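# Understanding the architecture of this molecule
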Amino acid sequence: MSTNFSMPKPSSTRDRLVESARYLFWERGFAGTSMADLLAHAEVNSGSFYHFFESKEALLRAVLETYRLALRPVIVDPAFARTDEPVERIFAILAGYRERILQTDCRYGCPLGRLALEIDPENRPAHKLLAENFQGWIGAIRECIAQMEKRLPRATDADALATYVLAVMEGGVMLSRSYASVEPFDRTVAQLREHFRLLLGGTKKKSRRVKRATG
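Overview of the structure. Just so it is clear, the model here is predicted, and its values are computed rather than measured. Sequence positions are assigned chain by chain, starting from 1 and proceeding in written order. Only residues with pLDDT of at least 70 are given local features in this predicted model, and only at 80 or more are side-chain atom pairs given and counted; all residues enter the totals for whole chains, interfaces and linings. Calculated side-chain values reflect all of the structure's heavy atoms, with hydrogen atoms and water omitted.

## Brief notes about unusual backbone geometry
- We note that Cys 106 has phi near 65°; this positive angle belongs to a residue other than glycine.
- By definition, any uninterrupted DSSP run of H or I lasting at least four residues is a helix, any uninterrupted run of E lasting at least two residues is a strand, and each is numbered from the N terminus. Position of Cys 106 relative to the elements: it lies in the loop between α5 (86–103) and α6 (111–118).
- We call a residue buried when its accessible area falls under 20% of the maximum for its residue type, exposed when it is over 50%, and partly exposed in between, using a 1.4 Å probe and counting protein chains only. Cys 106 sits in the buried class, given a relative accessible area of 10%.
- Of note in the backbone geometry, Ala 180 takes a positive phi value of approximately 55° without being a glycine.
- Structurally, the position occupied by Ala 180 is in the loop between α8 (158–179) and α9 (183–214).

## Overview of α6
- Of all the residues in α6, the buried ones are Pro 111, Leu 112, Gly 113 and Leu 115.
- When checking whether two residues touch, look at their non-hydrogen atoms; a contact exists if any pair is within 4.5 Å. Residues of α6 that are buried sit in contact with α1 (13–28), α4 (56–80), α7 (124–147) and α8.

## A closer look at the packing of aromatic side chains
- By convention, a stacked pair of Phe, Tyr or Trp rings (six-membered ring in the case of Trp) has centres within 6.5 Å and planes under 30 degrees apart, an edge-to-face pair has planes over 60 apart, and any other such pair is tilted. For the coordinates displayed, the defined rule picks out eight aromatic pairs.
- On the numbers, 5.0 Å between centres and 80° between planes, the contact of Phe 49 with Tyr 50 is edge-to-face.
- In this structure Tyr 50 comes out as partly exposed when scored by relative accessible area, which is 49%.
- On the numbers, 6.0 Å between centres and 80° between planes, the contact of Phe 91 with Phe 196 is edge-to-face. Of this pair, Phe 91 sits in helix α5 while Phe 196 sits in helix α9, placing them 105 residues apart in sequence. Grouping residues by exposure puts Phe 91 and Phe 196 together as buried.
- Aromatic ring contacts, followed pair by pair, group Tyr 23, Trp 26, Tyr 97, Tyr 108 and Trp 137 into a single cluster.
- Both a distance and an angle decide whether a charge sits over a ring: NZ of Lys or CZ of Arg must be within 6 Å of the ring centre and within 35 degrees of the ring normal. For the cation-ring pair, Lys 56 lies above Phe 30, with the distance from its terminal atom to the ring centre recorded as 4.4 Å.
- Sitting above the plane of the Tyr 97 ring, Arg 100 keeps its charged end 5.3 Å from the centroid.

## Let's talk about a nonpolar patch on the surface
- Taken together, the side chains of Met 174, Leu 175 and Tyr 179 present a nonpolar region at the surface, about 330 Å² in accessible area.
- For Leu 175, a relative accessible area of 33% puts it in the partly exposed group. Residues form patches when they are more than 30% accessible in relative terms and have no salt bridge. Like charges link within 9 Å. Nonpolar side chains (Val, Leu, Ile, Met, Phe, Trp, Tyr) link within 5 Å. Using the Shrake-Rupley algorithm and a 1.4 Å probe, accessible areas are obtained, with residue cover drawn only from the displayed protein chains. The working definition used for a salt bridge is a side-chain nitrogen of Lys or Arg within 4 Å of a carboxyl oxygen of Asp or Glu.

Nothing here speaks to function; it is geometry throughout.
Written as structure tokens, this is what we have:
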């Protein structure tokens, strides 16, 4: 089964541990992955593990940092390369998640979303890194919104709108996994596209009304 995104083949013991944890945490969850699972998948012994990480929680933090660093080159930049149109760049990012849903027979689940729900709220270092990951994703969407700011209604809250896009993605992915169908994802994204159409189109209509009233 394809994982959440492709990474270079690990070349060191530490890299193998991080890559194995990334895969297993996504496939089985953090709690569902034992130390024995990690060691077997990475093909290392416990001594090697503790040479690099003091605990499974420390390895989790390394995984979350890997996601943060991979966001731009793996998720954002390829999507942005498809088009120069800001709103279409947003939907290109979402299209990448749709591809992952189909590639995994609708078993795909956002690894960050899964960990955010599973990790104990008191594990603040992990949740801080999760929040940084989400904020990086929101920031990429925010860049697109900033490029079309003049076309949006003046009162538009760009940060809230970017956060809303993330919520649509996370919710659509979750529903598609539960329903074993890409349809819920498609429906949520279609509604988001309609939301942007109304925001962008509403500005034009308003401008025409003002022009007629002052002409």
